[in-house]
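If you want the building blocks of each chain, they are given just below.
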Amino acid sequence: MTLIKTLAAVAAGTMLATSAFAQSAREIRGASPYVAIENEPAPKLIVDPPLPEGLTIGVYWAQYRVENLRIVPVFGAGALQVSPRIGHLHVIVDDLPWWWADASDNNTVDIAGLPPGEHKVKIALVDANHNVIPGQEVTHTFTVPESAKLTHDHHD
């Protein structure tokens, strides 16, 4: 009988501890798209360093997340009035004069085929009209090792 009481107490304690740490959907996903937000907090871009496993094969993988903005494929001046606010990412490699827009929100920027040597990737959080949100750019400078195998065999 003591073993059953002990197991029941452990189970009850686990359930209480789990519910105490549970976060709401709003805390994880942000505000509902059905209700306009008054005085929205500033958007924020968080980007992790590139994964070393990718760099060894000439691939830049960096996970990201945003706060107070939804990444969606909606563009143009009219979209600037949407609440909750929307936007996307601009990705620039090695200071090239062109960039690409990433509106997929798949949580990882993926750039393959980088030759060995030093590289720079800049990721900017932008509004629906392609304006960079002030202070929301992250730049990674990294080196692809000479031993990197430059094939698409490893790129999943």
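See the structure shown above.
Below is a summary of the structure that appears in this document. All values derive from a computational prediction rather than experimental measurement. (Residues numbered from 1 in each chain as written. Predicted model: local features only at pLDDT ≥ 70, side-chain atom pairs only at ≥ 80, totals over all residues. Heavy atoms only, no water.)

So, on to the nonpolar core. Leu45 and Tyr60 are the most contacted members of the largest nonpolar core, which has 23 residues in total. Where this core is concerned, the elements lending two or more residues are β1 (44-47), β2 (60-67), β4 (86-93), β6 (108-111), β7 (117-127) and β8 (132-144). Aside from chain neighbours lying at most four places away, what touches Leu45 is Tyr64, Arg65, Val66, Leu89, Ile123, Ala124, Leu125, Gln136 and Val138. (Core = buried A, V, L, I, M, F, W, Y, C linked by side-chain atoms within 4.5 Å. Buried < 20%, exposed > 50% of the residue type's maximum accessible area, 1.4 Å probe, protein only. Helix = DSSP H or I, 4+ residues; strand = E, 2+ residues; numbered from the N terminus. Contact = heavy atoms within 4.5 Å.)

Bringing the sheet that holds β1 into the picture now. Reading across from one edge, β1-β2-β6 is the order of the 3 strands in this open sheet, with antiparallel pairing throughout. Of all strands in the sheet, those with a lone pairing partner are β1 and β6, marking the two edges. The sheet shows a mean angle of 30° between the axes of neighbouring strands, direction not considered. The pairing of β2 with β6 spans 4 bridges and is antiparallel. Within β6, the residue paired with Trp61 across the bridge is Asp110. (Pairing = 2+ DSSP bridges. Axes fitted to C-alpha atoms, helices over the stretch in contact; angles between N-to-C directions.)

Pairing of β7 with β8, which is carried by 9 bridges, proceeds in the antiparallel orientation. Considered in β8, the bridge of Glu118 is made with Thr143. The hairpin turn running from β7 into β8, its antiparallel successor, is 4 residues long, and His130 in that turn takes a positive phi close to 70°.

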